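So the chains spell out like this:
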Amino acid sequence: MESVEIQNISLRTHSSSGRTHIEFTDHLGDRRLGRILPAGIPVKYLGSLYSRIGTSAAVIIPDGISELPDGSRCLSIRTENLSPLERGQKLTELVNALRFLHESGMNHLSIDEYSFRLREEKISLIFWGDGLLTVHPDAPCEVKSGGIPGAASDLYMLAATALRLNWLVEPGEIDKANELCSDNVLRRWKSAGNCGYKSGVRLNLQPVIPKLGLNIVQGGSWEARDLYVNHLSSIASKKGWACRIIRFASGERGRPLPDMPAGTFTHSPGELLKNAFPGQGGIEKLLIMHDFFEYQEDSTALLRELARIIPSGLRLVLCGTSVPQDFQGRRTSLNGPVSAAVDLPLEDVPDSTEIRSVGCSWYGPRCRVSIETANGINKPFLSEEILFKEGAWRYTADRPLQKNNDRKAESLFNLNRYTEALQFASRKNKPLQSRILMALGKFDKTAELLTGTAEIVLLAEAYMGQGDIHKALD
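First, a word on what this report is: a plain description of the structure on this page. (Residues numbered from 1 in each chain as written. Predicted model: local features only at pLDDT ≥ 70, side-chain atom pairs only at ≥ 80, totals over all residues. Heavy atoms only, no water.)

Examining the environment of Leu306
Here's step 1: Position of Leu306 among the secondary structure elements: in helix α9 (residues 297–308).
Here's step 2: When its relative accessible area of 1% is taken as the criterion, Leu306 is described as buried.
Here's step 3: Considered as a pair, Leu306 and Pro269 are 37 residues apart in the sequence and their alpha carbons are 5.3 Å apart.
Here's step 4: When neighbours within four sequence positions are excluded, Leu306 is seen to be in contact with Pro269, Leu272, Leu273, Leu287, Pro311, Leu314 and Leu316. (Helix = DSSP H or I, 4+ residues; strand = E, 2+ residues; numbered from the N terminus. Buried < 20%, exposed > 50% of the residue type's maximum accessible area, 1.4 Å probe, protein only. Contact = heavy atoms within 4.5 Å.)

Next comes the structure, spelled out in structure tokens:
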């Protein structure tokens, strides 16, 4: 995108979602339509979003960006040969413009009255991209809950916008749009077929309303589990429960509570619930831990503890390819071959990779890929500092592992529990032992331990701790 200078604003309006739009003239004299994104939205990810969409008359991508005095940004497009939609549109034509975007692997997730324009008498979709950077106020229940967005999510927003703006006039078209606006995800997918949009995913059983306590959903394809979980969120929405779907993103390996902003403290089940449902105490809750994998030891430890002391009003659902038998709860097994998927930061995925269901998270856009596709990409990206702040070291330190375990000793050391750390550090790991001894003030023992080793810097630090500057210099 090129930097655009705003010269003269002729019109300023607000969409139903609260976004501000302006019509203005730029420094070249071109007329433009701009969408102002609030300060704090990570626009740095827009390039990776736009680069994955091919050129087409069906999709318009912003080509200009302007910085505003309050720190916000304005995305814009040239409006030559573009005009707003009027009454009398066909739902299938609106869907066809959206379909091209979906074929690129993208979702829209911010559809409103400023997302469509007529260009040469044909409907074009403006892909602003902000729906993949922050959750839109008009998003359907599964997106607001943290679930897996997809075509059904966009179709919901499209139909709601078309009805609100009276784009559709024929009774049959209006009926189709009303079906697409259903909070019932399964019903929404069924009605999508009437618009020529086939999901390709089927459930061989009706999702069961979770009971109070622990519920387990396992097996089946990852697409089927995604649909199952999204439908559970629609059940919660209809019943007025608070619902949160926490997805175990691959890059968040090692976090006590995945899919939460950096710096979120989760030292106990109580803090897990507080962070998952901020400001939502005293009501019925549905907490779904999706893509549950045991490799996230810290999260697993928290969930084992929570499963033993589930508070009143909480329905906890663990969903994955399989869930260990020591989690005792009502089990639902989906039919068919078992497959798995993971979430990855979009910027880590090569452009040539086939992606599915791009949505937003605290670290930017993330995309859904099969576990096979992710094998060559999967990499942790969180710093030790973040893991420490979120309590991962504590859980590693408190796990009942065998003696002489350096990983446990490192965690104890990072938590300033030096005496315990020394107990668990293996005798072969002299650098680790020496750092612990120096933290304990035992510089003489450190020097004795390191004499004759290649750890010259640590040995010098030990001599400095003893006050022997000459030996440290040597």
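So much for the structure itself; the text now carries on.
Points about the sheet that holds strand β11 (residues 213–219)
Here's step 1: Taken in spatial order, the 5 strands line up as β12-β13-β14-β11-β15 in an open sheet, and their pairing is parallel. Across the chains shown, the open sheet's two edge strands, defined by having one partner strand only, are β12 (242–247) and β15 (330–334). The average undirected angle you get between the axes of adjacent strands in this sheet is 15°.
Here's step 2: Where β12 lies against strand β13 (residues 285–290), 6 bridges are found, and the strand directions are parallel. Bridging from a neighbouring strand, Arg244 pairs with Leu287 of β13.
Here's step 3: The sheet contacts of helix α7 (residues 222–239) involve β11, β12, β13, β14 (314–320) and β15, and relative to β13 the element is tilted by about 170°. (Pairing = 2+ DSSP bridges. Axes fitted to C-alpha atoms, helices over the stretch in contact; angles between N-to-C directions.)

Considering the pairing of β12
Here's step 1: Counting buried positions over the 6 residues of β12 gives 6, a clear majority of the element.
Here's step 2: The alternating pattern of β12 places Ala242, Arg244 and Ile246 on one face and Cys243, Ile245 and Arg247 on the opposite face, and all of these are buried.

So, the packing of helix α13 (residues 406–414) against helix α15 (residues 430–439)
Here's step 1: Between α13 and α15, the shortest axis-to-axis distance is 11 Å and the interhelical angle comes to 25°. Taken together, the axes of α13 and α15 lie roughly parallel to each other. Viewed along their axes, α13 and α15 form a crossing whose handedness is left-handed. The segment α13 lies against α15, with Asp406, Ala409, Glu410 and Phe413 engaging Leu432, Arg435, Ile436 and Ala439. (Parallel < 35°, antiparallel > 145°, perpendicular 65-115°, else oblique. Left-handed = near helix turned anticlockwise from the far one by under 90°.)

Some remarks on empty space enclosed by the protein
Here's step 1: Enumeration over the complete set of coordinates arrives at 1 cavity of 30 Å³ or more.
Here's step 2: Quantified by volume, the largest cavity comes out at close to 60 Å³.
Here's step 3: Lining the largest cavity, in full, are Val208, Pro210, Asn215, Ile216, Val217, Tyr228, Leu232, Val317, Arg330 and Thr332.
Here's step 4: If you list the elements that add at least two residues to the lining of the largest cavity, you get β11, α7 and β15.
Here's step 5: If one sorts the elements of the lining of the largest cavity by residue count, β11 sits on top with 3 residues. (1 Å grid on protein atoms, 1.4 Å probe; cavity = no way out; pocket = protein on both sides within 12 Å on 5 of 7 lines; lining within 4 Å. Points joined across faces, edges and corners; volume = space filled by probe spheres on them.)

Remarks on the sheet that holds strand β18 (residues 366–370)
Here's step 1: Across the sheet, which stays open at both edges, the 3 strands sit in the order β16-β18-β17 with antiparallel pairing between neighbours. Each edge of the open sheet carries a strand with a single partner, namely β16 (341–345) and β17 (356–359). Strand-to-strand, the axes of this sheet are offset by a mean angle of 30°, without reference to chain direction.
Here's step 2: Bridge analysis of β16 against β18 gives 5 bridges, and the strand direction is antiparallel. The residue of β18 that forms the bridge with Leu344 is Cys367.

Quick notes on the packing of aromatic side chains
Here's step 1: Following the criterion strictly, the structure yields 5 aromatic pairs and no others.
Here's step 2: Ring plane angle 85° and centroid distance 5.9 Å describe the contact between Phe116 and Trp167, whose orientation is recorded as edge-to-face. Here Trp167 lies in the loop between α4 (151–164) and α5 (171–180) and Phe116 lies in strand β9 (residues 116–119), a separation of 51 residues in the sequence. The pair Phe116 / Trp167 is uniform in exposure class, with both members buried. (Phe/Tyr/Trp six-rings, centres within 6.5 Å; stacked < 30°, edge-to-face > 60°.)

Quick notes on the layout of surface pockets
Here's step 1: In this structure, the largest pocket spans a volume of roughly 530 Å³.
Here's step 2: If you trace the largest pocket, you find 28 residues lining it, with Gly150, Ala151, Trp189, Arg356 and Ser357 closest to the centre.
Here's step 3: Those elements giving two or more residues to the lining of the largest pocket turn out to be α2 (91–103), α4, α6 (185–192), α7 and β17.
Here's step 4: Here the lining of the largest pocket takes 5 residues from α7, the largest share from any one element.
Here's step 5: The residue makeup of the lining of the largest pocket, split by class, is 12 nonpolar, 9 polar and 7 charged.
Here's step 6: Of the voids in this model, the second largest pocket is the one considered here, and its volume is about 400 Å³.
Here's step 7: Together, 23 residues line the second largest pocket, and Val135, Asp259, Cys360, Ser361 and Trp362 are the ones closest to its centre.
Here's step 8: Listed by contribution, the elements that provide at least two residues to the lining of the second largest pocket are α3 (141–144) and β12. (Nonpolar A, V, L, I, M, F, W, Y, C, P; charged D, E, K, R; others polar.)

Describing the pairing of strand β6 (residues 64–67)
Here's step 1: Two strands pair when backbone bridges link them, and strand β1 (residues 2–3) and β6 are joined in this way by 2 bridges, in the parallel orientation. Counted as the bridge partner of Glu2 is Gly64 from β6.
Here's step 2: As defined by bridge partners, β6 adjoins strand β7 (residues 73–78) across 4 bridges and the pair is classed as antiparallel. Directly across from Ile65, in β7, lies its bridge partner Leu75.
Here's step 3: Linking β6 to β7, which pair antiparallel, is a turn of 5 residues; within it Gly71 sits at a positive phi near 95°.

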